[in-house]
Each structure stands twice: as C-alpha cells, then as structure tokens.
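This is what each chain is made of:
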Amino acid sequence: MSSAPASPFSLDGRLALVTGAGSGIGRAIALGLAAAGADLILLSERDNLGPVAAEARSAGAAVTTELLDLADRPARQAAVEDLLDAHAVDVLVNNAGLIRRAPAAEFSDADWYDVIEVNLHAAFELCRAAGRRMVDRGSGKIVNVASMLSFQGGLLVPSYTASKHALAGLTRALANEWAARGVNVNAIAPGYVATATTAALRSDPARSAEILDRIPAGRWADPEDVAGAAVFLASPAADYVHGHVLAVDGGWLAR
C-alpha cells in the first residue's frame, strides 16, 4: 500500500528563523511553523523566549534561541553571519519591528532613525545574508512582515510608515532577483492586531472605535490569525508565489 502524499503545507525537515519571536505576531508565527513540522531558531532582543521555546518543543520542534538587539548594527551584522554559517536556514521570517508615535512636525531624529534601523536596515541585512545562502542552495523562503501602513499613510507614525512601505518594495525587488533561483520572497501585511504595538490605539476609545467600524470582520485580529499566512508562504504550497504582499486584515483594505 502506498503512503499518503505529503501535505503541500508541511514544513517537515525545514529550519525556520523567526525574529521578534518572543511575543505577539512573532510568537504566533513561530508556533504555527512548529505545528507544521518546522524546527526553529527564535531570535529576540529581550530574554522572553523561554515560554515560546517550551511550547514549540512540546509540539515536537527542535528549538534554538538567540538574544540579539537588531538595533545594534555592528553586533547585528556579525551575529547574523555567524548564525547563518552555523545553521542552514530554509525559512526566514523578518517579524521584529519597532514603532514610535509623534506628530511629524515634532518627530525626533532619534525616533526616525531607530525605527528605520530595525524595520528596514536589519530586515535587509537578514534577507541579504539568508538569501545569498538560499540562492547558492537553490531553495528557500523569505517572509517579511509588512503592515497596512505598507499601503496607507497612517497617523503620527512617519518612520514606521516609511519603513513598511520600503519593506514591501524590498520584498518585490528581491523576488525579482531570486525567483528564478528557487527562492521565494513574499510578505504578510497584518491588519490591526491586538499586540503591545497597538496597545496605545486600543486604549484610546475613540480611535479604537474608528478602527473597528472600518474592519468588516468586526474585531481586532489575534496574533494567531496571522500564523496561517506565514505557514502558507513558507510551505511548498506557495512555490509559485513571488513578490506578493498578503493582507491579513479582516477586510480593512476592501472598505
């Protein structure tokens, strides 16, 4: 009797590196990848990876944890190269991100450059380092976590908006170069998700009501709502998907 064919969504035998994996969307994506069969390298700037690592191991994943401040450029560049030399990563998820809020006319240089450093420069360096190795092997998946503000302007978040527009553009640019080399580069654009990043919005009754009124699904997303999209883009099911920014937004962009 022949065995059943493998699911096109299976990640058995794959190793996934997830940045910002200790909480929120990163944690949910990491656990989704583990449930699909992937082993994990979890990266965070904070010592918060123990619980997610334990949960992933209970799902059968082999897990490595790494503490790295992606805002520290010299440390980041050396650590990324060392990490990718030591581990043959099949899937990279660039999830780590930073947001600062202030009116544009009062927005500080520090808040501008800090956000761009993590959200764009670090993401590019990870893409470049992982992508170079994936191209050499002829296979790999890169999933960048973009945003609704990859499409829109937002309010009081100029550096975040600029970084997420740029990340969507970078995703397409890398896909153009690497698609024919066996490497898929795509992005997820989450809508309004109940995480620490959106705590300020959710605590403002007027702003929260405005947001909910526009979401056809009628609710804020949970981080777990984003995980399935990441599993899809990391899996063989997405082998012919290149340069796409997949909105997971409860219908926000359809309004």
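Definitions and limits used
- Residues numbered from 1 in each chain as written.
- Predicted model: local features only at pLDDT ≥ 70, side-chain atom pairs only at ≥ 80, totals over all residues.
- Heavy atoms only, no water.
- Helix = DSSP H or I, 4+ residues; strand = E, 2+ residues; numbered from the N terminus.
- Rg over C-alpha atoms; globule rule 2.2 N^0.38 Å.
- Buried < 20%, exposed > 50% of the residue type's maximum accessible area, 1.4 Å probe, protein only.
- Contact = heavy atoms within 4.5 Å.
- Lys, Arg positive; Asp, Glu negative; His and termini not counted.
- Charge placed at Lys NZ, Arg CZ, Asp CG, Glu CD.
- Pairing = 2+ DSSP bridges.
- Right-handed = clockwise from strand over helix to strand, strands pointing away.
- Core = buried A, V, L, I, M, F, W, Y, C linked by side-chain atoms within 4.5 Å.
- Polar contact = N/O pair within 3.5 Å; in protein donor to acceptor, adjacent residues only side chain to side chain.
- Phe/Tyr/Trp six-rings, centres within 6.5 Å; stacked < 30°, edge-to-face > 60°.
- Axes fitted to C-alpha atoms, helices over the stretch in contact; angles between N-to-C directions.

- Looking up the protein chain in an unreviewed UniProt entry gives the name 2-dehydro-3-deoxy-D-gluconate 5-dehydrogenase KduD, with the organism given as Pseudonocardia zijingensis.

**As for the overall build of the protein chain**
Alright, step 1. For the protein chain, the helix and strand inventory stands at eight helices and seven strands.
Alright, step 2. A compact globule built from 255 residues would reach a C-alpha radius of gyration of about 18 Å, and the protein chain, at 18 Å, matches this within 12%.
Alright, step 3. Relative to its full complement of 255 residues, the protein chain shows a buried share of 49%.
Alright, step 4. Expressed as a percentage of contacts within the protein chain between residues at least 6 apart in sequence, the contacts between residues at least 24 apart total 70%.
Alright, step 5. A distance of 4 Å separates the average location of the 21 positive side-chain charges in the protein chain from that of its 28 negative side-chain charges.

**Structural notes on the pairing of strand β2 (residues 39-44)**
Alright, step 1. Most of β2 is tucked away, with five of its six residues classed as buried.
Alright, step 2. With five bridges joining them, strand β1 (residues 15-19) and β2 adopt parallel strand pairing. Each residue of the ladder has a partner; that of T19, found in β2, is L43.
Alright, step 3. The parallel pair β1 and β2 is bridged by helix α1 (residues 24-35), and the resulting crossover is right-handed.
Alright, step 4. Of the pairings in the sheet, the one linking β2 to strand β3 (residues 63-67) comprises five bridges and is parallel in character. Paired with S44 across the strands is L67, a residue of β3.
Alright, step 5. Chirality of the crossover, the property in question, places the unit of β2, helix α2 (residues 50-58) and β3 among those that are right-handed.

**A closer look at the nonpolar core**
Across soluble globular proteins, nonpolar side chains show a tendency to be buried alongside one another.
Alright, step 1. Core analysis: the largest hydrophobic core is formed by 35 residues, its most contacted members being I29, L33, L40, L42, V93 and I188.
Alright, step 2. Apart from residues lying up to four places away in sequence, I29 is in contact with V93, V145, V226, A227 and A230.
Alright, step 3. Ranked by size, the runner-up nonpolar core spans 28 residues in total, among them L43, L84, A130 and L174.

**Brief notes about the side chain of S163**
Alright, step 1. Tracing the backbone through its elements, the reader meets S163 in helix α5 (residues 158-178).
Alright, step 2. Look at S163 and you get buried, because its relative accessible area is 0%.
Alright, step 3. In this structure the side chain of S163 is engaged in a polar contact, spanning 3.1 Å, whose partner is the side chain of N119.
Alright, step 4. Of note is the side chain of S163, whose polar atom sits 2.8 Å from the backbone oxygen of Y160.
Alright, step 5. Residues contacting S163, with those up to four places away along its chain left out, are V115, I116, N119 and L120.

**Brief notes about the packing of aromatic side chains**
Alright, step 1. Throughout the structure, instances matching the rule amount to three aromatic pairs.
Alright, step 2. Considering the side-chain rings of F9 and F232, the 6.5 Å spacing of their centres and the 45° angle between planes classify their relative orientation as tilted. Residue F9 is located in the segment before β1, and its partner F232 is located in helix α8 (residues 224-234); the two are separated by 223 residues in the primary sequence.
Alright, step 3. Taking the relative accessible area as the measure of exposure, F232 reaches 26% and is therefore partly exposed.
Alright, step 4. Between the aromatic rings of Y192 and W252, the centroid separation amounts to 4.8 Å while the plane-to-plane angle is 55°, which identifies the pairing as tilted. Linking Y192 in the loop between β6 (183-190) and α6 (199-202) with W252 in the segment after β7 (245-248), this pair joins segments that are 60 residues apart in sequence.
Alright, step 5. On the accessibility criterion, Y192 (13% relative accessible area) is buried.
Alright, step 6. The class of W252 is buried, set by a relative accessible area of 7%.
Alright, step 7. Following the ring pairs from residue to residue traces out a cluster consisting of Y192, W220 and W252.

**Focus on the sheet that holds β7**
Strands pair in a sheet through their backbones, by hydrogen bonds, and they do so in one of two ways: parallel or antiparallel.
Alright, step 1. If you walk across this open sheet you meet the seven strands as β3-β2-β1-β4-β5-β6-β7, and the pairing is parallel. Of all strands in the sheet, those with a lone pairing partner are β3 and β7, marking the two edges. When the angles between neighbouring strand axes are averaged without regard to direction, this sheet yields 15°.
Alright, step 2. Strands in contact with helix α4 (residues 109-137) are β1, β4 (91-94), β5 (140-145) and β6; relative to β4, the strand with the most contacts, it is inclined by about 170°.
Alright, step 3. On top of the sheet, α5 reaches β5, β6 and β7; it is set at about 160° to β6, its chief contact.

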